[in-house]
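# Residue-level structure breakdown
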Amino acid sequence: MRRTRTISSVQRPEWLTGLDASFLNLETAIQPLQMAIVLQLDTTTIPGGYSYDRFRAELAERIRAVPEFREKLSPRFANPDHPAWVEDREFNIDQHVHRIGVPEPGGAAELDEIYGYLAGLPLNRFRPLWEMWVIEGVDGAPTSERLSVVIKIHHAAADGVTFTELFARLCSTEPDPPRREFVPAAGSDRPMRIAVGGMVRFAARPLYLVRKVVPETVQAVRDAYRRAALGRAMAAPFSAPPTMFNSRFTANRNVAFTRLDLNEVKKVKNHFGVTVNDVVTALVSGSVRQFLLDRRELPSSSLTALVPASVHAPDRLGRNQVSGMIATLQTQIADPAERLRAVAESNTIAKEHSAAIGATLLEDWMQLGGRAILGIAKRVYGRVTRFRPMYNVVVSNVPGPQPADYFLGAKVTAFYPVGPVMLGAGLNITVCTVGGKLNVGLISCPDVLPDLPEIAEGLTKGLTELLAQCG
């Protein structure tokens with residue numbers, strides 16, 4: 001949920017939480033920590049017809065009511081704490097919206113190449129941390145008929161839930177909705193205000209560590225040992241077997257997309273008495289299992305997945321409000337139905353364990369970590385994961401935007417989410433439900449997984465296999 005802003009004559013800066021700032025501090029040249037939404041649009045619904053200038057002008061009008069798109073990071077001058085979001089008084093829409101043409105014939109292969117290229121481009125940290133690319137010439141159609149649009153945002157500015165909520169505020173249920181009222185952005189970037197505020201916040205860290213973080217961490221460790229003894233603990237970090245997914249990647253990116261029918265997924269869910277997330281996890285398990293099996297590289301022990309979970313609450317601060325669990329994918333099981341049941345059971349255990357840890361523990365530790373500490377942690381983590389992955393893949397399921405019928409007047413015909421590729425796990429699979437479909441975006445590095453579309457196809461094949469057992 002978006003935190004309500006107080007409209008007053010004086011707007012105060014919005015400080016990044018430690019978790020927000022961690023995505024800045026952990027970013028590298030080969031690891032841009034950003035997310036994207038990939039759209040296919042029918043522009044014949046735009047009132048007055050499509051032109052690039054009109055499309056861009058409509059976006060500029062809409063973001064008057066979405067101040068997050070007009071806010072940048074505060075300067076670092078004398079601020080020992082995390083930065084704040086402040087108004088970009090020199091905001092220029094032309095610095096964020098770009099136009100590009102897809103090479104002929106403008107099909108899926110050409111588009112995917114562009115998407116992968118755009119996913120690897122870093123964002124400018126001196127401006128609001130987002131950009132939009134308008135891609136014309138899709139399927140060789142005239143410019144006025146079909147477009148593809150890529151919207152990127154830095155993970156420091158939004159997690160999956162926040163991003164889809166921001167995107168929804170640019171959408172509408174009709175092509176020409178009423179204009180929305182202007183919403184002011186966060187406060188000014190006056191250096192002394194930011195510096196003093198940062199010093200006060202930084203000075204409070206030791207007390208925060210002693211009173212809150214250490215006791216909660218000790219309790220979480222004790223609980224983990226107790227659960228492990230009872231066989232009710234989720235997979236431990238760094239227990240994942242090495243795979244090609246965990247090879248060292250470069251700055252290059254490739255993407256693949258697929259769609260699954262939500263009613264078919266629910267049919268499987270109801271037949272086996274599991275959840276939609278269990279089915280999605282089992283489909284990922286089956287696809288990566290077959291992918292590795294075909295290459296004779298399937299480990300004897302199960303692969304694991306990092307599964308982020310939203311812990312958004314109206315009374316909490318920060319644009320990233322996530323925890324997560326490490327799920328056992330049960331890739332050592334050949335039978336799809338048996339694998340699904342095993343995945344569901346291990347997911348139940350992992351959810352219970354994750355809930356017991358506490359929704360804010362990750363955020364609390366990140367709140368204490370500054371650039372220097374996270375820089376050291378980043379280097380240590382990078383060396384450790386060369387030998388033992390923390391997990392093998394990232395599997396994220398985020399709620400779809402409501403509404404998502406029209407974007408800037410154009411009918412949305414396809415919607416795909418794309419997450420970041422994280423150090424140590426070169427495959428991210430993100431799922432988002434829109435219009436009765438599970439829209440799946442996969443991203444990797446072509447130097448690690450050149451055959452990424454094969455994993456996307458494996459998700460569809462896996463659903464067909466499970467449907468065949470539903471009668």
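Residues numbered from 1 in each chain as written. Predicted model: local features only at pLDDT ≥ 70, side-chain atom pairs only at ≥ 80, totals over all residues. Heavy atoms only, no water.

For the protein chain, the helix and strand inventory stands at twelve helices and 16 strands. Evaluated residue by residue, the protein chain yields a buried proportion of 55% over its 471 residues. Look at the contacts in the protein chain between residues 6 or more apart in sequence, and 81% of them connect residues 24 or more apart. In the form shown here, the protein chain has an accessible surface area of approximately 20,700 Å², with 56% of it arising from carbon and sulfur atoms. (Helix = DSSP H or I, 4+ residues; strand = E, 2+ residues; numbered from the N terminus. Buried < 20%, exposed > 50% of the residue type's maximum accessible area, 1.4 Å probe, protein only. Contact = heavy atoms within 4.5 Å. Areas by Shrake-Rupley, 256 points an atom, 1.4 Å probe, with all protein chains shown as cover.)

The next thing to look at is the nonpolar core. Core analysis: the biggest nonpolar cluster contains 69 residues, and Phe245, Val268, Leu427, Leu449 and Ile455 have the highest contact counts within it. With residues near it in sequence (within four places) discarded, Val268 still touches Val279, Leu340, Leu463, Leu466, Leu467 and Cys470. Counting residues in each nonpolar core, the second largest holds 49 residues, with Leu19, Phe69, Leu123 and Phe407 among its members. (Core = buried A, V, L, I, M, F, W, Y, C linked by side-chain atoms within 4.5 Å.)

Across the sheet, which stays open at both edges, the seven strands sit in the order E5-E6-E7-E2-E14-E13-E8 with mixed pairing between neighbours. Every interior strand has two partners, whereas the edge strands, strand E5 (97–101) and strand E8 (171–172), have only one. One ladder, built from two bridges, connects E8 with strand E13 (residues 406–407); its direction is antiparallel. Residue pairing for E13: Cys171 is matched across the bridge by Phe407. (Pairing = 2+ DSSP bridges.)

Attention now moves to the packing of aromatic side chains. Within a pair of aromatic rings, the relevant descriptors are the distance that separates the centres and the angle that separates the planes. Going through the model one piece at a time under the given rule, you end up with eight aromatic pairs. Ring geometry for Tyr50 versus Phe55: centroids 5.7 Å apart, planes at 65°, classification edge-to-face. Both residues of the pair, Tyr50 and Phe55, count as buried. A centroid spacing of 5.6 Å and a plane angle of 55° characterise the contact between Phe167 and Phe415, whose relative ring orientation is tilted. Pair noted here: Phe167 is in helix H4 (residues 160–168) and Phe415 is in strand E14 (residues 410–418), with a separation of 248 residues, a long-range link. The class of Phe167 is buried, set by a relative accessible area of 1%. With relative accessibility at 2%, the residue Phe415 sits in the buried group. Through a chain of ring-to-ring contacts, the aromatic side chains of Tyr50, Phe55, Phe167, Phe407 and Phe415 assemble into a single cluster. (Phe/Tyr/Trp six-rings, centres within 6.5 Å; stacked < 30°, edge-to-face > 60°.)

Let's shift gears to the sheet that holds strand E1 (residues 14–15). Through backbone hydrogen bonds, the strands of a sheet pair up, either in parallel or in antiparallel fashion. In space, the three strands of this open sheet follow the order E1-E4-E3, with antiparallel pairing throughout. The sheet terminates laterally at E1 and strand E3 (71–73), the two strands that pair on one side only. Relative to strand E4 (residues 84–87), E3 runs antiparallel, the two sharing three bridges. Directly across from Glu71, in E4, lies its bridge partner Glu87.

A word on the pairing of strand E6 (residues 130–136). Consecutive side chains along a regular strand alternate between the two faces of the sheet. Burial analysis of E6 places seven of its seven residues in the buried class, the great majority of the element. Along E6, one buried face is formed by Trp130, Met132, Val134 and Glu136 and the opposite face, lined by Glu131, Trp133 and Ile135, is buried too. Viewed along the sheet, the connection from E5 through helix H3 (residues 108–119) into E6 turns out right-handed. Where E6 lies against strand E7 (residues 146–154), seven bridges are found, and the strand directions are antiparallel. Its bridge partner lying in E7, Ile135 is registered against Ser148. (Right-handed = clockwise from strand over helix to strand, strands pointing away.)

Quick look at the environment of Glu264 now. Position of Glu264 among the secondary structure elements: in helix H7 (residues 262–272). Spatially, the C-alpha atom of Glu264 lies 9.0 Å from that of Thr464, the residues being 200 residues apart in sequence. Setting aside its immediate chain neighbours within four residues, Glu264 contacts Leu463 and Leu467.

What follows deals with the confidence of the model for the protein chain. Averaged over every residue, the pLDDT of the protein chain is 87; residues scoring 70 or more account for 86%. Taken element by element, the protein chain is modelled with least confidence in helix H10 (residues 361–368), mean pLDDT 65, and with most confidence in helix H8 (residues 276–294), mean pLDDT 98. Segment residues 1–10 is flagged for pLDDT under 50; beyond a separation of four residues in sequence, or across chains, it makes 21 contacts in the model. (pLDDT = per-residue confidence, 0-100.)

On the surface, Arg248, Arg379, Arg383 and Arg386 cluster together to form a positively charged patch. Relative to the helices and strands, Arg383 is located in helix H11 (residues 371–384). (Patch = residues over 30% accessible without salt bridge, like charges linked within 9 Å, V, L, I, M, F, W, Y side chains within 5 Å. Salt bridge = Lys/Arg side-chain N within 4 Å of Asp/Glu carboxyl O. Lys, Arg positive; Asp, Glu negative; His and termini not counted. Charge placed at Lys NZ, Arg CZ, Asp CG, Glu CD.)

Looking now at the packing of H7 against helix H12 (residues 452–468). How two helices pack is summed up by the angle between their axes together with the distance between the axes. Relative orientation of the contacting elements H7 and H12 amounts to 45°, with a least axis distance of 10 Å. When the axes of H7 and H12 are compared, the pair comes out oblique. At the point where H7 passes H12, the crossing takes the left-handed sense. Side by side, H7 and H12 meet where Glu264, Val265, Lys267, Val268 and Phe272 of the first sit next to Leu463, Leu466 and Leu467 of the second. Of the residues belonging to the contact of H7 with H12, the class tally is six nonpolar, no polar and two charged. (Axes fitted to C-alpha atoms, helices over the stretch in contact; angles between N-to-C directions. Parallel < 35°, antiparallel > 145°, perpendicular 65-115°, else oblique. Left-handed = near helix turned anticlockwise from the far one by under 90°. Nonpolar A, V, L, I, M, F, W, Y, C, P; charged D, E, K, R; others polar.)

Taken together, the side chains of Phe238, Val380 and Val384 present a nonpolar region at the surface, about 220 Å² in accessible area. Mapped onto the elements of the fold, Val384 is located in helix H11.

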